[in-house]
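In case you want the letters, here they are:
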Amino acid sequence: MNSADLHPARIPGYDGGPLTHQVGLLDEPLFWLGHLYSCVQSEEVEELLFGADYDAAGDFQRRLWERAEWPTFTVPLADDHRVHIVYRTFADDTGIDYLLYHPDWDQAELLAQDDGHFMGPGLSWPELVAAADNALPGGSTTDPRARLLLLLPAFGDDEVPDDAVDRLAVALGARTSVDAPEPLASALLEDQGAPGPARWTTAGHGFSTNDGEYSFRNPANHFALSADRLARVATALAP
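Residues numbered from 1 in each chain as written. Predicted model: local features only at pLDDT ≥ 70, side-chain atom pairs only at ≥ 80, totals over all residues. Heavy atoms only, no water.

Engineer: Which residues make up the overall build of the protein, and what are the values?
Structural biologist: In terms of regular secondary structure, the protein is built from nine helices and seven strands. Whereas a compact globule of 239 residues would reach a radius of gyration of roughly 18 Å, the protein reaches 17 Å, a difference of no more than 12%. Judged by the C-alpha coordinates and their principal axes, the protein covers about 50 × 40 × 35 Å. The buried share of the protein, reckoned over its 239 residues, is 51%. Counting only contacts in the protein whose residues sit at least 6 apart along the sequence, the fraction spanning at least 24 positions is 58%. (Helix = DSSP H or I, 4+ residues; strand = E, 2+ residues; numbered from the N terminus. Rg over C-alpha atoms; globule rule 2.2 N^0.38 Å. Buried < 20%, exposed > 50% of the residue type's maximum accessible area, 1.4 Å probe, protein only. Contact = heavy atoms within 4.5 Å.)

Following this line, the structure appears as structure tokens:
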């Protein structure tokens, strides 16, 4: 992989932009509070996330969404695949798009959308952890904790391992300023954002799909990816 490929000015099949690689945002604790906000489903968890930083985080996010450019981050995957996380800063249609792409594909595949009309989940827990941990260079960060948080809003899985809370708490403690990372991690994994947990299976298809009502990876949905595209997405994300 080369840096130009991993930080493109445009993504085939995806309109908008200009896309700009702004890796410095990942070092801002306030950035993460806004990034994870859609994972919060109650006032109690909102308090755990924001604490005394509520106003500062709101101001930071407001300035972020008012930018003309679209901040974009990349997580490399095996065999030259990559996930692009795009902050869509349209004035009347802000949101975060999670796109899977390979240079041989004619277009990127939309995994999830984090906005007022949330679509997802796009990642199971094993897929999320595999993407976070692969240590491949050239993306926006090689830090597995930052990668885990970047991809977390696209995740939904009704089976997470016993060590998932510890894993997420470590990431929260390292990249944010929250006061109680472990209770927050537990709450985020219980609620799992707007779509809630989904059940993942390979039965009947031979590749991983889920039963999420708003997921592109649920073959039962009328807007789901076609079978061949579901297969290539699952192959690209396979742990």
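Engineer: Any details on the packing of helix α3 (residues 43-50) against helix α8 (residues 181-191)? Residues and values, ideally.
Structural biologist: For the pair α3 and α8, the least separation of the axes is 10 Å and the interaxial angle reads 135 degrees. Considered as vectors, α3 and α8 are oriented oblique to each other. For α3 against α8, the interelement crossing comes out left-handed. Between α3, through Val45, Leu48 and Leu49, and α8, the contact on the second element is made entirely by Pro183, Leu184, Ala187, Leu188 and Asp191. For the contact of α3 with α8, the residue count by class is seven nonpolar, no polar and one charged. (Axes fitted to C-alpha atoms, helices over the stretch in contact; angles between N-to-C directions. Parallel < 35°, antiparallel > 145°, perpendicular 65-115°, else oblique. Left-handed = near helix turned anticlockwise from the far one by under 90°. Nonpolar A, V, L, I, M, F, W, Y, C, P; charged D, E, K, R; others polar.)

Engineer: Can you explain the pattern of salt bridges? Please cite residues and give values.
Structural biologist: Across all of its chains, the model carries 13 salt bridges by this definition. Among the salt bridges present, the one from Arg88 reaches Asp97, with a minimum N-O distance of 2.8 Å. In this pair, the class of Arg88 matches that of Asp97, namely buried. Asp133 is the salt-bridge partner of Arg167, the closest N and O atoms lying 2.5 Å from each other. Here Arg167, found in helix α7 (residues 164-175), pairs with Asp133, found in helix α5 (residues 125-133); they are 34 residues apart in sequence, far enough to count as distant. (Salt bridge = Lys/Arg side-chain N within 4 Å of Asp/Glu carboxyl O.)

Engineer: Requested: an account of helix α6 (residues 144-151), with residues and values cited.
Structural biologist: Taken across its eight residues, α6 has six buried, putting it largely inside the fold. If you check which residues of α6 are buried, you get Ala146, Arg147, Leu148, Leu149, Leu150 and Leu151. Structurally, the start of α6 carries an N-cap: the backbone nitrogen of Arg145 is 2.9 Å from a side-chain oxygen of Asp143. (Polar contact = N/O pair within 3.5 Å; in protein donor to acceptor, adjacent residues only side chain to side chain.)

Engineer: I'd like a rundown of the packing of aromatic side chains, residues and numbers included.
Structural biologist: Within this structure, the stated rule accounts for eleven aromatic pairs. Aromatic side chains Phe73 and Tyr87 sit 6.2 Å apart centroid to centroid with 85 degrees between the ring planes, which places their arrangement in the edge-to-face category. A residue pair is termed long-range when its members are at least 10 positions apart, and Phe73 in strand β2 (residues 70-76) and Tyr87 in strand β3 (residues 82-90) qualify at 14 residues. Taken individually, Phe73 and Tyr87 each receive the classification buried, so the pair is uniform in this respect. (Phe/Tyr/Trp six-rings, centres within 6.5 Å; stacked < 30°, edge-to-face > 60°.)

Engineer: Talk me through the side chain of Asp115; I want residue IDs and the actual numbers.
Structural biologist: Mapped onto the secondary structure, Asp115 falls in the loop between β5 (109-114) and α5. Among the polar contacts listed, one links the side chain of Asp115 to the side chain of Arg88, at a separation of 2.9 Å. At 2.9 Å, the side chain of Asp115 forms a polar contact with the backbone nitrogen of His117. Among all residues touching Asp115, those that are not within four sequence positions of it are Arg88, Thr94 and Gly95.

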